[in-house]
Amino acid sequence: MINIKRILSFIFPTRCQYCKKVIPFGTLICNECLEKVKPQKHITNIMMESGKELTVVSPFIYEQEVKRAICDFKFNGKVEFSGHLAKSMAWVANDGYNLKDFDFVTAVPLSTKSKKVRGYNQAEILARSVAKDFSMQYIETLNKVKENKKQHTLSKKERQENVKGAYTGLEAKTVSGKQILLCDDIVTTGSTLSECAKVLYLSGAKVVCCLTAAKAVYCKQ
Ligand SMILES: [Zn+2]
C-alpha cells in the first residue's frame, strides 16, 4: 500500500526541531541535537498558600534550543515539536516520581477563547502524550474561567494575584481521594500550577504533583 505520509515526507522533508536539518522520516530530532538537548531532572519546590509544598519536575531549562522549540510548538502551530518534549517529560517523571502512585494525568487548561485561537492546548497535548507513554488515563479536571493578563509581563506578586480565581474544578468526584500528575509547558514562579493544585485539593485530591517541559529562570523582582 502506498504510504501517503512517506510520499509527503519527500515533498516536505522532516526537519530536526532544534537545528532544522533534514532528518530521516519517522525520527524526531537529529543525532547531534539528541546529544546536546538531553533531559535532566530539574526540581522546583513551590510553597502553596495553604502551607502545602508542591513539587514540579522538568526535563529542561527554558533557554536556547528548548525555548525555540516550545515557542514554535506553542505559537507557530508546530504541534509535532511536542514529541521530543513529551518523551523527555515522561523520562524525567519516571526518574522523579513513583508513577504507579498516580491515578491519572491532567493538564493546566486554557480559556475557551485562547484554545479557539490557538486550536489546541499545548499542556493537554504534552499531558496526553505522557499518559499514553505510561498507559495511564488522561482526565480533564479544570476549567479556566478568567481571561487574565499574560503572566510573563508581571512580577511574582502580580502573577499570584493575576491567576487567583482563574480556574475552577470540573467534577469533584473525579478528583476526590486521587493522586494526580498535573502537567504544563513551563514553570516559572509556579503561580499557575499552585492555583490549579489549590483547586484540585479543594475538590478533595489526595496528592498533586507537577510535571512541565521546562523550568524558566525567573529574574524579575
Ligand atoms: Zn538537530
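Residues numbered from 1 in each chain as written. Predicted model: local features only at pLDDT ≥ 70, side-chain atom pairs only at ≥ 80, totals over all residues. Heavy atoms only, no water.

1. As for the packing of aromatic side chains
Our working definition: To pair, rings of Phe, Tyr and Trp, with the six-membered ring standing in for Trp, must have centres within 6.5 Å; the planes then decide the type, stacked if under 30 degrees apart, edge-to-face if over 60, and tilted in the middle. Think of it in three bands: residues with accessible area under 20% of the maximum for their type are buried, residues over 50% are exposed, and the middle band is partly exposed, with areas taken using a 1.4 Å probe on protein chains only. Here, over-ring charges are defined by two tests on the NZ atom of lysine or the CZ atom of arginine: distance to the ring centre within 6 Å, and angle to the ring normal within 35 degrees.
Under the defined criterion, the tally for this structure stands at two aromatic pairs. Aromatic pair Y97 and F102: ring centres 5.5 Å apart, planes at 85 degrees, arrangement edge-to-face. Using a relative accessible area of 8% as the deciding quantity, one classes F102 as buried. Here the basic side chain of K52 rests over the ring of Y201, its NZ or CZ set 4.5 Å away from the ring centre.

2. A short note on the confidence of the model for the protein
The condition is simple: The pLDDT value expresses, per residue, how confident the predictor is, ranging between 0 and 100. Runs of E in the DSSP output that reach at least two residues are strands. Runs of H or I that reach at least four are helices, and both are numbered from the N terminus.
Residue-level pLDDT values for the protein average 90, and 96% of them are 70 or greater. No element of the protein has a lower mean pLDDT than helix 1 (residues 4-11), at 70, and none a higher one than strand 4 (residues 104-107), at 98.

3. Here's the deal with the domain arrangement of the protein
Heads up, the rule is: Domain delimitation in this document rests on an assignment produced automatically or drawn from a domain database. Should any heavy atoms of two residues lie within 4.5 Å, those residues are counted as being in contact. What counts as buried area is the accessible surface, traced by a 1.4 Å probe, that two parts surrender upon association, with contributions from both included. Salt bridges, as used here, are contacts in which a Lys or Arg side-chain nitrogen is within 4 Å of a carboxyl oxygen on Asp or Glu.
With domains assigned, the protein is organised as domain 1 (1-36) and domain 2 (37-215). The C-alpha centroid of domain 2 is placed 28 Å from the C-alpha centroid of domain 1. Contacts between the two partners involve nine residues from domain 1 and, on the opposite side, twelve residues from domain 2. Of the roughly 970 Å² buried between domain 1 and domain 2, counting both surfaces, carbon and sulfur atoms make up 52%. For the domain 1 face of the interface with domain 2, the top three residues by lost area are Q17, Y18 and L28, together amounting to 60%. Our enumeration of links across domain 1 and domain 2 arrives at three salt bridges.

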